[in-house]
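# What the coordinates show
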Amino acid sequence: MSSTVHPVLAHPRRLPNVWDAAALLCVFAAIAAVAHVTPQTFRPIDAPGAITVSLDPRQLPDYALRTTLRMFGAMAASLLFTFTYAPLAARSRRAGLVMIPLLDVLQSVPILGFLSFTTVFFMSLFPGRVMGLELAAIFAIFTSQAWNMAFSMYQALTTVPRDLEEATRSFRLSGWQRFWRLDVPFAMPGLVWNTMLSMSGGWFFVVASEAITLGDKTWTLPGIGSYVAVALDQRDLGAVAWAILAMLVVIVLYDQILFRPLVAWSAKFRMETTAGAVAADPWVLKLLRRTAVLRRLGDGIAAGFGAVAGLRLGRSAGYVRRIDSRPSLAGDITFLVLVGALALYAAWQVVAYVAANHLGWADLGEAVLLGSFTLLRVAVLIALAAVVWVPIGVWVGLRPNWARRIQIAAQFLAAFPANLLFPIFVVGIVRLRLNAEIWLTPLMILGTQWYILFNVVAGASAFPADLREAASNFRVRGRLWWRRVILPGIFPYFVTGAITASGGSWNAAIVAEVATWGNTKLSAHGLGAYIAHATDAGDFPRIVLGVAVMSGFVLAFNRVLWRPLYAFATRRLTLD
């Protein structure tokens, strides 16, 4: 007597198990959390409790949930922006001439500069509803996340090894196929680390995004950021401590559930021919591997994505590294004339708006002078951060197990809002009679120094193990190893981190150059303080003037220093 059993049922791993129950419970909990928050976003603004914040610690779980969903909404928008903006800038020489300087400007514009002009727009989409404020807050968080991620992918796409490009031409991959089969995998290690950093950067500015002040009108969206703002305003150190604890819990949760698996997954895209050091898989990946239903669901999603990525869209054999790499003189002249005309028109509109509001050359001179003070602070802080974090980032990046250990600490420190240190700095400066011009300066680098660390860690993590072995075999050590081996290997990543850290420092100036604790307010001379004071007063002409001058400083600084270094990294240090 014989019997047959269906092959699927015969395989025990195909049947649902206890691990599926645990994973599905987490999925349903996430769905329930979104369902809980969604109705609150469509309430009228004047409804009781719609935009009020209580310092009761029991409200923090709900506030933490709402803040986290805003940040993940901004993260989704940032990824969409990254996968469209960066490839176009990297593949089109002419587009890159405009898009990269524009990205330099956007990453340096203070978050309050965006809030000042976007809040009214988003509120008009949902008149009288909380959703308008929610969208304004999400957009503000987006502006603190997207630029760093776009720069990371742009750096990867402009440093793809030429032998891999030749392989795509040999296999006659279309532009669409090449993007998903080569560009995205090659960019993935750095992009994951920069996504993690961008998430932390969102925490740094969440206070400004959830407590929206414009002139004499203030809206506060319930969240950890607004909770911190109210606690600082009321000088409630206990509430500040509860906010720090809530933020730490949230960071630990999404680090364990999302970013640790992503970092482990991205390690398979490292470009090397020999096996390097590999850290143990995180518990979430182990859990998913033990499930049956979720594994089958994941396999189905992966198969569908593979089918979409394999579509032959765009050109194939003739696809080159830059789609307009053969320049046309007439085309270049026409393009530059059009761009120059648009730039002059935009500059004229700014000048006309400022002049129409009775601001003259003296006001411009004041803004430029204050911008010079901020520029000096940025340059000194970036140099100090590079000296400190490059060696540490290399050491950590070359040791995957240590990278996992410090990952959560680095995320928490990168996410720690400078506002929470205002009491220490303000009280210390007042009691010790210190110079606020000097001692408020460190607040500018607290959140931005991590751009250098995370990018260096990503570069060291992606450094090919076979090159490390070759250096070891030839006994290359000490200063020679730094000069000839690791620094050339991580240099494109460092430049990307330095560019974003520089832009982030300009952005942070609006928070760091003005510190308030209760009735005590300290201010340093700088363009950030100038814009902050103008925003508090609802002085739109000075906001426009300050943002325009800051954009000019950033463009000049990047053109003189960072862009030449970036071109050098792309031209000389790309692995061929």
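Residues numbered from 1 in each chain as written. Predicted model: local features only at pLDDT ≥ 70, side-chain atom pairs only at ≥ 80, totals over all residues. Heavy atoms only, no water.

## Quick word on the overall build of the protein
- In terms of helices and strands, the protein carries 24 helices and 4 strands.
- With 576 residues in all, the protein has 51% of them scored as buried.
- Just so you have it, the protein exposes about 27,000 Å², and 69% of that area is on carbon and sulfur atoms. (Helix = DSSP H or I, 4+ residues; strand = E, 2+ residues; numbered from the N terminus. Buried < 20%, exposed > 50% of the residue type's maximum accessible area, 1.4 Å probe, protein only. Areas by Shrake-Rupley, 256 points an atom, 1.4 Å probe, with all protein chains shown as cover.)

## Side note on the pattern of salt bridges
- Taken as a whole and assessed by the stated rule, the structure comprises 12 salt bridges.
- E210 is paired through a salt bridge with R70; the nearest N and O atoms lie 2.8 Å apart. Taken together, the residues E210 in helix 9 (residues 206-210) and R70 in helix 3 (residues 60-91) connect sequence positions 140 residues apart.
- Connected via shared salt-bridge partners are R66, R70, E134 and E210. (Salt bridge = Lys/Arg side-chain N within 4 Å of Asp/Glu carboxyl O.)

## Observations regarding unusual backbone geometry
- If you check the backbone angles, R172 has positive phi at about 55° while not being a glycine.
- Residue classification places R172 among the partly exposed residues on the basis of a relative accessible area of 47%.
- Look at R475: it is not a glycine, yet its phi comes out positive at around 55°.
- By the secondary structure assignment, R475 is in the loop between helix 21 (465-473) and helix 22 (478-512).
- R475 gets classed as exposed once you look at its relative accessible area, which sits at 61%.

## Observations concerning the nonpolar core
- Grouped together as the largest cluster of nonpolar side chains are 143 residues, with contacts concentrated most on W203, I452 and F494.
- Shared between two domains, this core holds at least three residues of each, these being domain 1 (15-274 + 281-318) and domain 2 (357-576).
- Core analysis: the second largest hydrophobic core is formed by 10 residues, M123, L133, W219 and L221 among them. (Core = buried A, V, L, I, M, F, W, Y, C linked by side-chain atoms within 4.5 Å. Domains from an automatic or database assignment.)

## Describing the packing of helix 20 (residues 449-461) against helix 22
- Two elements in contact, helix 20 and helix 22, have axes whose closest approach is 8 Å; the angle formed by their N-to-C orientations is 165°. Taken together, the axes of helix 20 and helix 22 lie roughly antiparallel to each other. As helix 20 packs across helix 22, the resulting crossing turns out to be right-handed. Each of Y451, I452, N455, V456, A458, G459 and A460 in helix 20 lies in contact with helix 22, whose residues at this interface are I490, Y493, F494, T496, G497, A498, T500 and A501.
- Of the residues that constitute the contact of helix 20 with helix 22, the class distribution is 10 nonpolar, 5 polar and no charged. (Axes fitted to C-alpha atoms, helices over the stretch in contact; angles between N-to-C directions. Parallel < 35°, antiparallel > 145°, perpendicular 65-115°, else oblique. Left-handed = near helix turned anticlockwise from the far one by under 90°. Contact = heavy atoms within 4.5 Å. Nonpolar A, V, L, I, M, F, W, Y, C, P; charged D, E, K, R; others polar.)

## Points about helix 3
- Helix length check: helix 3 (32 residues) gives 45 Å between terminal C-alpha atoms against 46 Å at 1.5 Å per residue, within 8%.
- Its maximal kink placed at T82, helix 3 deviates by approximately 25°. (Expected span 1.5 Å × (residues − 1). Bend = angle between axes of the 7 residues up to and from the residue.)

## Observations regarding a nonpolar patch on the surface
- A surface patch of nonpolar side chains, about 800 Å² in accessible area, is lined by W242, L245, L248, V249, V252, L253, I257, L258 and W283.
- Per-element accounting of the nonpolar patch gives the leading share, 8 residues, to helix 11 (residues 237-266).
- With respect to the secondary-structure elements, I257 resides in helix 11. (Patch = residues over 30% accessible without salt bridge, like charges linked within 9 Å, V, L, I, M, F, W, Y side chains within 5 Å.)

## Considerations on the environment of L376
- Along the polypeptide, L376 turns up in helix 15 (residues 361-397).
- Take L376: its relative accessible area is 56%, and that puts it in the exposed class.
- Each C-alpha atom of the pair L376 and G526 lies 9.8 Å from the other, and the pair is 150 residues apart in sequence.

## Structural notes on the environment of N455
- Relative to the helices and strands, N455 is located in helix 20.
- Each C-alpha atom, one on N455 and one on V390, is 9.3 Å from the other, the two residues being 65 residues apart in sequence.
- Contacts of N455, omitting those with residues within four sequence positions, involve N148, N194, Y493, T496, G497 and T500.
- Polar contacts involving the side chain of N455 include one to the main-chain carbonyl oxygen of Y451, which spans 2.7 Å. (Polar contact = N/O pair within 3.5 Å; in protein donor to acceptor, adjacent residues only side chain to side chain.)

## Let's talk about the confidence of the model for the protein
- Here the protein shows a mean pLDDT of 78. Residues at 70 or above account for 86%.
- When pLDDT is averaged over each element of the protein, helix 3 comes out on top at 90 and helix 1 (residues 7-10) at the bottom at 43.
- Note that residues 317-324 has pLDDT below 50 and, in this model, 31 contacts with residues that lie over four places away or in other chains. (pLDDT = per-residue confidence, 0-100.)

## Remarks on the environment of N357
- With respect to the helices, strands and loops of the structure, N357 is situated in the loop between helix 14 (329-356) and helix 15.
- Each C-alpha atom of the pair N357 and D539 lies 9.9 Å from the other, and the pair is 182 residues apart in sequence.

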